[in-house]
Amino acid sequence: METPTPSLRDRLGALLRNHRAVILVEILLVLLAALRVRNAIFFLLPAGWLSLWLRRTGWRDIGLKRPADWRKTWLLGISLGVGYQAFSIGILVPVLYRITGEAPDLAQFASLRGNLSLLGVSLIVSWTLAAFGEEMVYRGYLLNRLADLFGRSAAGWGISLCLSALLFGLAHEYQGITGVLETTISACVMAGLYLAAKRNLWLPIIFHGVVDSIGFLLIYLGLYP
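Residues numbered from 1 in each chain as written. Predicted model: local features only at pLDDT ≥ 70, side-chain atom pairs only at ≥ 80, totals over all residues. Heavy atoms only, no water.

Caption draft 1: Molecular detail of the overall build of the protein. A tally of helices and strands in the protein yields eight helices and zero strands. What you see in the protein, going N to C, is helices and strands ordered as α-α-α-α-α-α-α-α. Computed over the C-alpha atoms, the radius of gyration of the protein is 19 Å, within 12% of the 17 Å expected from 2.2 N^0.38 for a compact globule of 225 residues. With the C-alpha coordinates aligned to their principal axes, the bounding extent of the protein is approximately 75 × 40 × 35 Å. Counting every position in the protein, which comprises 225 residues, the buried fraction comes to 43%. Only carbon and sulfur atoms are counted for the fraction: they give 67% of the accessible area of the protein, which is about 12000 Å². Treating the 20 positive side-chain charges of the protein as one cloud and the 13 negative ones as another, the clouds have centres 6 Å apart. (Helix = DSSP H or I, 4+ residues; strand = E, 2+ residues; numbered from the N terminus. Rg over C-alpha atoms; globule rule 2.2 N^0.38 Å. Buried < 20%, exposed > 50% of the residue type's maximum accessible area, 1.4 Å probe, protein only. Areas by Shrake-Rupley, 256 points an atom, 1.4 Å probe, with all protein chains shown as cover. Lys, Arg positive; Asp, Glu negative; His and termini not counted. Charge placed at Lys NZ, Arg CZ, Asp CG, Glu CD.)

Caption draft 2: Region of interest: the packing of aromatic side chains. In total, this model carries eight aromatic pairs according to the counting rule given. Plain terms: the ring middles of tyrosine 84 and phenylalanine 87 are 6.1 Å apart, the flat faces sit at 55 degrees to each other, and that makes the pair tilted. Remark: phenylalanine 87 and tyrosine 84 occur in helix 4 (residues 70–100); sequence separation between them is three residues, near one turn of the helix. Seen from their ring centres, phenylalanine 132 and tryptophan 202 are 6.0 Å apart, and the 45 degrees between their planes marks the pair as tilted. Of this pair, phenylalanine 132 sits in helix 5 (residues 116–150) while tryptophan 202 is found in helix 8 (residues 202–221), placing the two residues 70 residues apart along the sequence. On the basis of relative accessible area, phenylalanine 132 is assigned to the partly exposed category, the value being 29%. (Phe/Tyr/Trp six-rings, centres within 6.5 Å; stacked < 30°, edge-to-face > 60°.)

Caption draft 3: Quick look at the side chain of histidine 208. Following the sequence through the fold, histidine 208 ends up in helix 8. The class of histidine 208 is buried, set by a relative accessible area of 3%. Residues contacting histidine 208, with those up to four places away along its chain left out, are Ala130, Ala131, Glu134, Glu135, Arg139, Phe168 and Met190. (Contact = heavy atoms within 4.5 Å.)

Next comes the structure, spelled out in structure tokens:
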């Protein structure tokens, strides 16, 4: 009996799964394109979906699945998000400012101050495109593809964590050098939460949404920066 000829999808998927050189090319092509696009999330989400589809896997396999305990996940995500934002505003950003001599450039959010309707839009965006979308892309897709490249050992995950966090920071270059450094550090925290949650995306999604929501609320109230 003849063995069926693999489909084009399966042939491409096998290359993406099994050949590190092909994985590297995939990552480089995605990143080169993303770094040239202002709202990279709109490019990275379809690219991630296509990569998963070709490899016959899905978002659930990289962490978009029900956590073991929703209540614990929400409580932990909220408390860690509040704690990190307090640490970032009170300690981290001032230290980075002393090192770089530059404050984070949040000029694009200036119109949010005192604007209730814009605050509502910003909160929706913070929980959809930012928290949900960026966690799927940077912690779900890119972190795992980098781990495929460097090996899924402790060292491989460590390298992948650092690289994906740096790429997340560079995606926020419009905030200046201090903003890039702060977002890189926050990305390290979110990647750590993802791995600590046994590669479940909901804990970093909630953390991310809480951090951004507090930031937008403080800007709206005129308390930050």
